[in-house]
Amino acid sequence: MASMMLNLGANPTTTSLPKTFVGAKVNPLIKVQSFGRVSMSIAVKASRFEGVTMAPADPILGVSEAFKADTDPMKLNLGVGAYRTEELQPKVLDVVKKAESLMLERGENKEYLPIEGLAAFNKATAELLLGADNPILQQGRVATIQGLSGTGSLRLAGAFIERYFPGAKVLISSPTWGNHKNIFNDSRVPWSEYRYYDPKTVGLDFDGMIADIKAAPEGSFVLLHGCAHNPTGIDPTPEQWEKIADVIEEKNHIPFFDVAYQGFASGSLDQDASSVRLFAARGMEVFVAQSYSKNLGLYAERIGAINVICSSPDVATRVKSQLKRIARPMYSNPPVHGARIVANVVGDPTLFNEWKVEMEAMAGRIKNVRQKLYDSLSVKDKTGKDWSFILKQIGMFSFTGLNKEQSDNMTDKWHIFMTKDGRISLAGLSLAKCEYLADAILDSFYHVS
Ligand SMILES: Cc1ncc(COP(=O)(O)O)c(C=O)c1O
């Protein structure tokens, strides 16, 4: 509440009380401000939140805010990892619309879900991850609970690790998706980085990765991107995955997969889950967070899951009970809408097949722009530089190798919005804009150091 009063001692900048008030009983929560030479001042009730500082903009979501504010007609948002059509419009999948019509027809209610989420969703999501005929599922060795998409599922796992493995470290790749560090910081789980990206080759630093996983304290958690590594788009080969599993087993570490792009990387749900299945088939205990933001385009529905593959059904039952215990005071129980969409799509053979076709088309469009970007760079760049690393990367993103200053030039001069680590989301690019993007990359690469 602000109140107005006359300030007779016309000091233009003072924020102290006017003379007439000196000696009067002063409420410490009332501030008095004078404005210029005008003999008016406003008493503003001081906030109890004066000590709250301004948080920095999120490095990924903040890019979208800046994009909205730009009025240039050539502007391009390659910051956030969200799929766009060739016309650069958001897409709602046809199977999602069909699943939603089914839900309306059935007149489903809005009662609370149990803490662990929708049973049909939990069954579908574990089957999608491991393969419906995987004996691990028949043996009841997987504790699955519905989470608030990938982020919320990772956060539940973070809380579980903090509670049951106090002091254990999570090893995360360098670089990684921007939110991983926040999640483990807020979970009070210590983390450190393992080498992943080699700037010299714009490829995987496999030897560095193996050495760092070996050097970590026994029993650490190793966070791995199941497919389509974010931000680099660089995945290990099947042979490299085997070696990673060897070292993790040797060191008694616990693998923790983040699967945010199943089906979106290669276009095949099974192929994109092969890394997780390889570890599970070795009999290892594994954490897996899943997200349906990208592969079903359910970004705002916040639907995903945390799965813990355990050594016995008894352990799985106990682990699940504790995950529920963590979820209950956090958000009580998860939302139903996205869970029903996933359960309806995966549970209906016709919709499931239609989904696969739509997913392949999305993955295919991204592959096409990746190819065209590479072609444009190769034709325009007269120095003979090899840009083929772009073709070797997979999934939504390409790591261009541009540094912060060069990324700034992309935005300031070319109105291309991207994260400052040089990552671009190819899902936000159209064939029509590939040449423009190539011009911007070449200008930034060769003219900004
Ligand atoms: C590697 C990775 N993990 C998890 C997520 C979580 O996304 P969401 O919380 O929308 O499911 C993302 C999203 O970009 C991601 O790239």
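Because the structure is a prediction, the values reported are computed rather than measured.

So, how was this worked out
Residues numbered from 1 in each chain as written. Predicted model: local features only at pLDDT ≥ 70, side-chain atom pairs only at ≥ 80, totals over all residues. Helix = DSSP H or I, 4+ residues; strand = E, 2+ residues; numbered from the N terminus. Buried ≥ 20, exposed ≤ 12 C-beta atoms within 10 Å, placed from the backbone. Pairing = 2+ DSSP bridges. Axes fitted to C-alpha atoms, helices over the stretch in contact; angles between N-to-C directions. Contact = placed C-beta atoms within 7 Å. UniProt positions renumbered as here; feature names shortened; annotations may be inferred.

Check the secondary structure of the chain and you find 16 helices and 16 strands. Each of the three principal axes of the chain carries a C-alpha extent, and together these read 85 × 60 × 55 Å. Put simply, the chain has 449 residues, and 43% of those count as buried.

So, on to unusual backbone geometry. Most peptide bonds take the trans form, and the phi angle of most residues other than glycine is negative. Between Ser-174 and the following residue, Pro-175, the backbone shows a cis peptide bond with an omega angle of 5 degrees. With respect to the helices and strands, Pro-175 occurs in the loop between β6 (170-174) and α6 (179-186). Geometrically, the link from Asn-230 to Pro-231 is a cis peptide bond, its omega value of 20 degrees lying close to zero. Among the secondary structure elements, Pro-231 is positioned in the loop between β10 (221-225) and α8 (238-250). Despite not being glycine, Arg-188 shows a phi value in the positive range, around 60 degrees. Residue position: Arg-188 is located in the loop between α6 and β7 (191-195). Residue class for Arg-188 comes out exposed when judged on the 12 C-beta atoms lying within 10 Å of it. Phi at Asn-252 takes a positive value of approximately 60 degrees, unusual for a residue other than glycine. Take Asn-252: it is sitting in the loop between α8 and β11 (254-259). Residue class for Asn-252 comes out exposed when judged on the 10 C-beta atoms lying within 10 Å of it.

Bringing the sheet that holds β6 into the picture now. Sheet strands pair by backbone hydrogen bonding; their relative direction is either parallel or antiparallel. Taken together, the seven strands give an open sheet; going across it, the order is β5-β13-β12-β11-β10-β6-β7, and neighbouring strands pair in mixed fashion. Each edge of the sheet is formed by a strand with only one pairing partner; in this case those strands are β5 (142-148) and β7. Strand-to-strand twist in this sheet, taken as the mean axis angle between neighbours without regard to direction, amounts to 25 degrees. As paired elements, β6 and β7 share five bridges and run parallel to each other. Of the residues in β7, the one forming a bridge with Val-170 is Trp-191. Helix α11 (residues 313-331) contacts β5 and β13 (303-309) of the sheet and is inclined by roughly 15 degrees relative to β5.

This brings us to the UniProt feature "domain: Aminotransferase class I/classII large" (unreviewed entry) in the chain. Those residues carrying the UniProt feature "domain: Aminotransferase class I/classII large" (unreviewed entry) are residues 74-441 in this numbering. For residues 74-441, helix accounts for 46% and strand for 15%, while the C-alpha atoms at its two ends are 15 Å apart.

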